[in-house]
Amino acid sequence: MLISVMQDPLVEGLESEESISLLELLTNGGYMMIPILLLWMVAIYIFVERTRTLSAAAKTPESFKDQIRSLVIAGDINGALMLCGKTDTPVARMIEKGITRIGNPLKNIEVSIENVGKLEIYRLEKNLNLLATISGAAPMIGFLGTVTGMIQAFIAIAQEEGAVSPKLLSSGIYEAMITTAAGLFVGILAYLGYNYLVSKVGKVIHTMESNVIDFIDLLQEPKK
């Protein structure tokens, strides 16, 4: 009976510590958590949207290049243009531009395709700079929250007469630690997401260049 009575306060203390939810923990981070959460939502949106866009851009059908080759060799320019119009990929749009320039000097065709390629690359890299900015800005905002939290803690110490209780300092320390952790968390994930997307953009660009080179080689083949 004595043991059970002595254990009750310990059990109650553990239960009270475990009752702190994640939402309450984030709330204790103070106002600096608002911009960090906003940056987190923007980063998630950019990552998901760019991942879907790049995945779609990389899905050029395997038969596309062979069909274009057959149509161009056969002189069916309209058929080749229709095939490009039905294929919604950067490669198809670049090849389509090149087909419309068939009959012009090869250099002019290459320049036209390169100009379209620059526009396509710009579309592929859309919002990546913003994601890189978030990866650097989130930790800085977290550190700013650390500074404001410690300022609150020192103000509480200065205003308190006599012994300073830990509870008095808890709000400032909570804000200092939580904002730092949240800012680093968002910054690290945004940085990893940025590098992942950059690598996917690089793969798509490589595919674009490879298909354009094959198309230019096709135009230089001797006519039968």
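My aim in this report is to walk through the structure given alongside it, one point at a time. (Residues numbered from 1 in each chain as written. Predicted model: local features only at pLDDT ≥ 70, side-chain atom pairs only at ≥ 80, totals over all residues. Heavy atoms only, no water.)

1. Quick look at the overall build of the protein
A count of helical and extended segments in the protein gives nine helices and zero strands. Its helices and strands in sequence order give the protein the pattern α-α-α-α-α-α-α-α-α, from N to C terminus. The buried share of the protein, reckoned over its 224 residues, is 33%. Carbon and sulfur atoms make up 64% of the accessible area of the protein, which amounts to about 14,400 Å² in all. (Helix = DSSP H or I, 4+ residues; strand = E, 2+ residues; numbered from the N terminus. Buried < 20%, exposed > 50% of the residue type's maximum accessible area, 1.4 Å probe, protein only. Areas by Shrake-Rupley, 256 points an atom, 1.4 Å probe, with all protein chains shown as cover.)

2. Details of the side chain of Ser135
You can see Ser135 is positioned in helix α8 (residues 128–159). Under the relative-accessibility criterion, Ser135 is labelled buried at 14%. Not counting residues within four places of it along the chain, the set of residues in contact with Ser135 comprises Gly187, Ala190 and Tyr191. (Contact = heavy atoms within 4.5 Å.)

3. What to know about the layout of surface pockets
Considered as a void within the structure, the largest pocket measures approximately 240 Å³ in volume. Surrounding the largest pocket, Met94, Glu110, Ile113, Glu114, Gly117, Ile121, Ile205, Met208, Glu209, Val212, Ile213 and Ile216 form its lining. Contributing elements (two or more residues each) for the lining of the largest pocket: α7 (106–124) and α9 (166–220). No other element matches the six residues that α9 contributes to the lining of the largest pocket. Its residues assigned to classes, the lining of the largest pocket shows eight nonpolar, one polar and three charged. (1 Å grid on protein atoms, 1.4 Å probe; cavity = no way out; pocket = protein on both sides within 12 Å on 5 of 7 lines; lining within 4 Å. Points joined across faces, edges and corners; volume = space filled by probe spheres on them. Nonpolar A, V, L, I, M, F, W, Y, C, P; charged D, E, K, R; others polar.)

4. Here we look at the environment of Asn115
For Asn115, the location among the structural elements is in helix α7. C-alpha of Asn115 to C-alpha of Lys97: the two residues are 18 residues apart in sequence and 9.5 Å apart in space.

5. Notes on the nonpolar core
Note that soluble globular proteins tend to have their nonpolar side chains buried in a common cluster. Formed by 42 residues in total, the largest nonpolar core has its most connected members in Phe64, Ile68, Ile95, Ile99, Ile113, Leu124 and Phe215. For this core, the secondary structure elements donating two or more residues are α3 (33–57), α4 (62–73), α5 (77–86), α6 (90–100), α7, α8 and α9. For this core, the element with the highest residue contribution is α9, accounting for 14 residues. Setting aside its immediate chain neighbours within four residues, Ile68 contacts Ala80, Leu83, Cys84, Ile95, Ile99, Phe215 and Leu218. (Core = buried A, V, L, I, M, F, W, Y, C linked by side-chain atoms within 4.5 Å.)

6. A word on unusual backbone geometry
The backbone of Asn127 sits at a positive phi, close to 70 degrees, despite the residue not being glycine. Examined against the element boundaries, Asn127 turns out to sit in the loop between α7 and α8. Under the relative-accessibility criterion, Asn127 is labelled partly exposed at 28%.

7. Quick look at the side chain of Thr146
Its location among the elements puts Thr146 in helix α8. Relative accessible area serves as the criterion here: at 18%, Thr146 is assigned to the buried category. Leave out the neighbours within four places in its chain, and Thr146 touches Ala176, Thr179 and Thr180.

8. Some words on the packing of aromatic side chains
All chains considered together, the criterion is met by two aromatic pairs. Between the aromatic rings of Trp40 and Phe185, the centroid separation amounts to 5.6 Å while the plane-to-plane angle is 45 degrees, which identifies the pairing as tilted. In this pair, Trp40 sits in helix α3 while Phe185 sits in helix α9, placing the two residues 145 residues apart along the sequence. Residue classification places Trp40 among the partly exposed residues on the basis of a relative accessible area of 27%. Between Phe47 and Tyr196, the ring centres sit 5.8 Å apart and the planes meet at 45 degrees, which makes this aromatic pair tilted. With Phe47 in helix α3 and Tyr196 in helix α9, the pair connects residues that are 149 residues apart, well separated along the chain. Using a relative accessible area of 40% as the deciding quantity, one classes Tyr196 as partly exposed. (Phe/Tyr/Trp six-rings, centres within 6.5 Å; stacked < 30°, edge-to-face > 60°.)

9. Digging into the packing of α5 against α6
A packed helix pair is summarised by two numbers, namely the angle formed by the two axes and the spacing between the axes. For the pair α5 and α6, the least separation of the axes is 9 Å and the interaxial angle reads 160 degrees. Between α5 and α6, the crossing angle belongs to the class labelled roughly antiparallel. Crossing of α5 over α6 shows left-handed handedness. Contacts from Ile77, Ala80, Leu81 and Cys84 in α5 reach Ala92, Ile95, Glu96, Ile99 and Thr100 in α6. (Axes fitted to C-alpha atoms, helices over the stretch in contact; angles between N-to-C directions. Parallel < 35°, antiparallel > 145°, perpendicular 65-115°, else oblique. Left-handed = near helix turned anticlockwise from the far one by under 90°.)

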